[in-house]
Amino acid sequence: MEVYSQRAVFFDRLVDLIPAKHYLVPEEGPIAMRFLEKTKREAIREEFKRKHKDNKRAKLDPDQAGGTVEALKKQEMERKQALAGDGGAPVHHQNGFPDKDDLRQRLKKKLEEMRMQRKAEENSEKVRSAKEWKDGALEVGRKKAAVQQKQARQKISKVDRLAKNSKKGSDKVVEKKQQGVNTPKKATGSEFSFGKLDFGQEDGLKKKNKLSKQEILEKVEKDKEKVLSKEEEKKRAWKAALARAHGEKVLDDPKLLKKSIKKDEKLREKKSQAWAERTEKVKEKQSQRQQKRRDNIQARIDSKKAAKKERREKKLLRAGFEGRKKEFIGAKKK
């Protein structure tokens with residue numbers, strides 16, 4: 001036993017030579033600080049600084065100074081206390097193996113702790129609230145679209161109703177005017193006519209044909225020849241001035257009318273000349289196409305004749321040494 005105790009002391013001293021931070025395995029792995037929130041990163045930094053100060057103070061304190069072996073024993077004791085807090089160590093059977101039910105309970109408890117750590121319930125609540133908000137927004141959008149469609153249909157129906165009413169009103173006004181213009185007759189049993197309206201004198205409703213410039217010129221010259229009083233001339237001048245003010249064309253100057261007539265004649269001559277040139281070109285192109293067609297037809301006929309002649313020449317050739325048949329064998333020479 002002394003040998004074993006001596007060896008144990010030797011190994012303890014050997015372990016004490018190794019710093020605890022290199023010998024002991026940390027319970028928690030490295031934390032990825034960049035994936036954490038800003039507040040959590042700051043809290044972890046503060047905790048690390050505090051622990052570093054405490055460790056440094058404990059290292060320099062002779063009462064609390066301890067080697068790697070003491071740190072290892074302390075870590076083991078903390079682990080046992082943690083197991084006892086979780087429900088104690090696993091129950092062993094007589095054969096020395098742990099109980100399955102106890103292991104399942106511990107696994108379930110560990111999973112719940114991990115779920116709480118990553119805030120699974122909070123995330124699920126956020127997802128649920130986001131889904132509810134989305135469904136509510138969609139429902140509001142559908143209701144809004146339905147209201148807009150209803151308003152649009154109401155507007156369309158209102159416009160149609162107003163159009164029908166205006167049409168009915170205009171029809172009534174037209175009927176009243178027709179009744180005032182018509183000369184109704186007492187209808188007998190044999191004088192009914194459907195779909196016909198009597199508008200009185202049809203000749204009066206016909207539109208007047210527009211006068212040509214030549215006719216307007218003749219009319220103006222006749223009016224110029226007439227002798228008018230000062231009042232009549234003044235009325236005519238006022239009438240022309242008012243017409244010009246309204247934007248109407250007043251054709252009362254013979255010189256301008258003659259100039260416009262000459263311009264129209266020149267334009268007419270120019271257009272007739274252009275039309276004659278066009279018709280001439282069309283006839284020329286037509287004759288060229290017809291000549292080309294005749295040439296093509298004649299070339300096709302000549303090619304067919306040449307092919308027939310060639311086939312006939314081939315048929316006249318005979319096999320053997322006689323060559324081409326010029327006359328019957330044994331025919332009398334003339």
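Owing to the predicted nature of the structure, the values given are computational and were not obtained by experimental measurement. (Residues numbered from 1 in each chain as written. Predicted model: local features only at pLDDT ≥ 70, side-chain atom pairs only at ≥ 80, totals over all residues. Heavy atoms only, no water.)

Quick look at the overall build of the protein
The helix and strand tally for the protein stands at nine helices and zero strands. When the helices and strands of the protein are read in sequence order from the N terminus, they spell out α-α-α-α-α-α-α-α-α. When burial is assessed residue by residue, the protein has 4% of its 334 residues classed as buried. If you take every contact in the protein between residues at least 6 apart in sequence, the share linking residues at least 24 apart comes to 46%. Total accessible area on the protein is roughly 33000 Å²; 56% of this is exposed by carbon and sulfur atoms. (Helix = DSSP H or I, 4+ residues; strand = E, 2+ residues; numbered from the N terminus. Buried < 20%, exposed > 50% of the residue type's maximum accessible area, 1.4 Å probe, protein only. Contact = heavy atoms within 4.5 Å. Areas by Shrake-Rupley, 256 points an atom, 1.4 Å probe, with all protein chains shown as cover.)

What about the confidence of the model for the protein?
For any part of a model where pLDDT is low, the fine detail of the predicted coordinates should not be relied upon. With 72% of its residues at a pLDDT of 70 or more, the protein shows a mean pLDDT of 76. Within the protein, the element-level pLDDT minimum falls on helix 2 (residues 20–23), averaging 74, and the maximum on helix 9 (residues 254–316), averaging 91. Confidence over residues 88–96 falls short of pLDDT 50; this stretch has 13 contacts with residues more than four positions distant or in other chains. (pLDDT = per-residue confidence, 0-100.)

Section: the pattern of salt bridges
On inspection of all chains with the given rule, the structure shows five salt bridges. Between Asp 54 and Arg 50 there is a salt bridge; the shortest N-O distance is 3.3 Å. Placement of both Asp 54 and Arg 50 in helix 3 (residues 38–60) is noted, with a separation of four residues, approximately one turn of the helix. The salt bridge partner of Asp 54 is Arg 57, with a shortest N-O separation of 3.4 Å. Of this pair, Asp 54 and Arg 57 both sit in helix 3, three residues apart, which is roughly one turn of that helix. (Salt bridge = Lys/Arg side-chain N within 4 Å of Asp/Glu carboxyl O.)

Considering the packing of aromatic side chains
Counted according to the given criterion, the structure contains one aromatic pair. With a centroid separation of 5.6 Å and 65° between ring planes, the pair formed by Phe 10 and Phe 11 is classed as edge-to-face. (Phe/Tyr/Trp six-rings, centres within 6.5 Å; stacked < 30°, edge-to-face > 60°.)

Side note on a nonpolar patch on the surface
Taken together, the side chains of Phe 10, Phe 11, Leu 14 and Leu 17 make up a nonpolar region of the molecular surface, amounting to roughly 460 Å² of accessible area. Residue Phe 11 is classed as partly exposed on the basis of its relative accessible area, which comes to 49%. (Patch = residues over 30% accessible without salt bridge, like charges linked within 9 Å, V, L, I, M, F, W, Y side chains within 5 Å.)

Some thoughts on a positive patch on the surface
On the surface, a cluster of positive charge is contributed by Lys 219, Lys 222, Lys 224, Lys 226, Arg 236 and Lys 239. Listed by contribution, the elements that provide at least two residues to the positive patch are helix 7 (213–225) and helix 8 (230–245). In terms of residue count, helix 7 provides more of the positive patch than any other element does, three residues in total. (Lys, Arg positive; Asp, Glu negative; His and termini not counted. Charge placed at Lys NZ, Arg CZ, Asp CG, Glu CD.)

Some words on the nonpolar core
Among the nonpolar cores identified, the biggest contains five residues, and these are Ile 216, Leu 217, Val 220, Leu 257 and Ile 261. Sorting the residues of this core by element identifies helix 7 and helix 9 as the ones contributing at least two each. With sequence-adjacent residues up to four places away left out, Ile 261 is seen in contact with Lys 213, Gln 214 and Leu 217. (Core = buried A, V, L, I, M, F, W, Y, C linked by side-chain atoms within 4.5 Å.)

Observations concerning a negative patch on the surface
Taken together, the side chains of Glu 215, Glu 218, Glu 221 and Glu 225 make up a negatively charged region of the molecular surface. Along the chain, Glu 218 falls in helix 7.

A word on helix 8
Across its 16 residues, helix 8 extends 22 Å between first and last C-alpha, which sits within 8% of the 22 Å expected from 1.5 Å per residue. One or two residues past the end of helix 8 sits Gly 247, with phi positive at roughly 95°. (Expected span 1.5 Å × (residues − 1).)

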